[in-house]
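# Geometric and topological summary
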Amino acid sequence: MNNYFITQYPFSINPRKNSALIGFINKGLRYLKTGYQVGPLDTSLDMNTVEQRVNYYHLLEEVIAYEVAGDVVELGTFTGQCAALFQKVIEQTGSDKQLHVYDTFATPFTFKGDVEQELIRNFKVANLKQPQIHKGLFEDTLAKELPSQIAFAHIDCGFGGDPNAHKKIMLYCFEQLYPRLEKGAICVLMDYNDSKENGVTLDINPGVKMAFDEFFAGKAEKIVCLYGNQYQHAFFRKK
Ligand SMILES: C[S@@+](CC[C@H](N)C(=O)[O-])C[C@H]1O[C@@H](n2cnc3c(N)ncnc32)[C@H](O)[C@@H]1O
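Residues numbered from 1 in each chain as written. Predicted model: local features only at pLDDT ≥ 70, side-chain atom pairs only at ≥ 80, totals over all residues. Heavy atoms only, no water.

In the nomenclature of an unreviewed UniProt entry, the protein corresponds to Class I SAM-dependent methyltransferase from the organism Mucilaginibacter achroorhodeus.

Okay, here's the thing in structure tokens:
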């Protein structure tokens, strides 16, 4: 067993873009014995970084190993880079958890084509069981279609828009998810950025932290910021 797949398509977009220039730069860095290598990142199509994929791998593997009850859900799936990783971990560990994904599939970013079909295709390419797809606005799907017990959740619904509009969506996600998260469940928040923790002032979706601060004020759960290189994310564990 290994997690080398996190660097391969469709879990990662990068291998498609490896260029002679990147190879040359990395050769130079090895020659200089920096111990550092660069990886290309297309911020309009790469939905996460390799550092974040390492975090996802270990957090999901942990809830499965500790037998936290419930299913795995992702709110904001796009073409499924994270979702495919979650399903791969479920299958690699022999878990019977079901993966549920929620999205309108109507935000193409710079992708040209049908987003939902690309998600289905990516799961086929990776030879994975298809997730249960819940298509529509969260406001129309979550209340009725979230599983009653959740062990692992990923919220990733940012699009770089109005922070207050995003905060409102995040608050709705928290309201629906929180009572269904089992004790010990992990919830990862993409784009959670706390510049006091990490010094990163580029904050593409500040609505995530705004919503967390409001919803979790006075609650027992604590946020843990995780190193993600070019992107930020964080998680909390349900008490
Ligand atoms: C950054 S993308 C998700 C990336 C994805 N996690 C991945 O690994 O590729 C954000 C997604 O959230 C979805 N989204 C945002 N607000 C939504 C809402 N209110 N209801 C349903 N989907 C929403 C968008 O359609 C978009 O596909």
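### Some words on the side chain of Asn193
Positionally, Asn193 belongs in the loop between strand E5 (181-190) and helix H7 (195-198). Dropping the residues within four chain positions of it, Asn193 is found in contact with Asn198, Val200, Leu202, Asp203, Lys209 and Gln232. (Helix = DSSP H or I, 4+ residues; strand = E, 2+ residues; numbered from the N terminus. Contact = heavy atoms within 4.5 Å.)

### Some points on the domain arrangement of the protein
Each assigned domain of the protein is listed here: domain 1 (10-40) and domain 2 (42-237). One C-alpha centre belongs to domain 1, the other to domain 2, and the line joining them spans 28 Å. Listed by partner, the interface residues are nine residues for domain 1 and 16 residues for domain 2. Around 880 Å² of area is buried between domain 1 and domain 2 when both sides are counted, 56% of it from carbon and sulfur atoms. The tally of links between domain 1 and domain 2 comes to zero salt bridges. (Domains from an automatic or database assignment. Buried area = accessible area lost by both parts, 1.4 Å probe. Salt bridge = Lys/Arg side-chain N within 4 Å of Asp/Glu carboxyl O.)

### Notes on the site of the ligand
Near the ligand there are 20 residues, and of these Cys82, Asp103, Thr107, Phe138 and Asp156 occur at the shortest range. Between Gly76 and the ligand, the recorded distance is 3.0 Å, taken from a backbone N or O atom to a nitrogen atom. Between an oxygen atom of the ligand and a side-chain N or O atom of Asp103, the distance comes to 2.6 Å. Within the residue set of the shell around the ligand, elements represented by two or more residues are helix H3 (81-92) and helix H5 (138-145). In terms of residue class, the shell around the ligand is made up of eight nonpolar, eight polar and four charged. (Near = heavy atom within 4 Å. Polar contact = N/O pair within 3.5 Å; in protein donor to acceptor, adjacent residues only side chain to side chain. Nonpolar A, V, L, I, M, F, W, Y, C, P; charged D, E, K, R; others polar.)

### With respect to the nonpolar core
Core analysis: the largest hydrophobic core is formed by 66 residues, its most contacted members being Leu75, Ile155, Phe174 and Leu189. In this structure, Phe174 is in contact with Ile155, Pro179, Leu189, Ala211, Phe212, Phe215, Phe216 and Phe236, ignoring residues within four places of it in sequence. (Core = buried A, V, L, I, M, F, W, Y, C linked by side-chain atoms within 4.5 Å. Buried < 20%, exposed > 50% of the residue type's maximum accessible area, 1.4 Å probe, protein only.)

### Focus on the sheet that holds E5
Within the open sheet, the seven strands sit side by side as E3-E2-E1-E4-E5-E7-E6. Their pairing is mixed. Both outer strands of the open sheet, strand E3 (132-135) and strand E6 (224-226), are each paired with one neighbouring strand and no more. Direction aside, the axes of adjacent strands within the sheet are offset by 20 degrees on average. Where strand E1 (residues 71-75) lies against strand E4 (residues 150-155), five bridges are found, and the strand directions are parallel. Note on E4: the bridge partner recorded for Val73 is Ala153. Sitting on the sheet, helix H4 (residues 115-125) touches strand E2 (99-103) and E3, and the angle it makes with E3 is about 170 degrees. (Pairing = 2+ DSSP bridges. Axes fitted to C-alpha atoms, helices over the stretch in contact; angles between N-to-C directions.)

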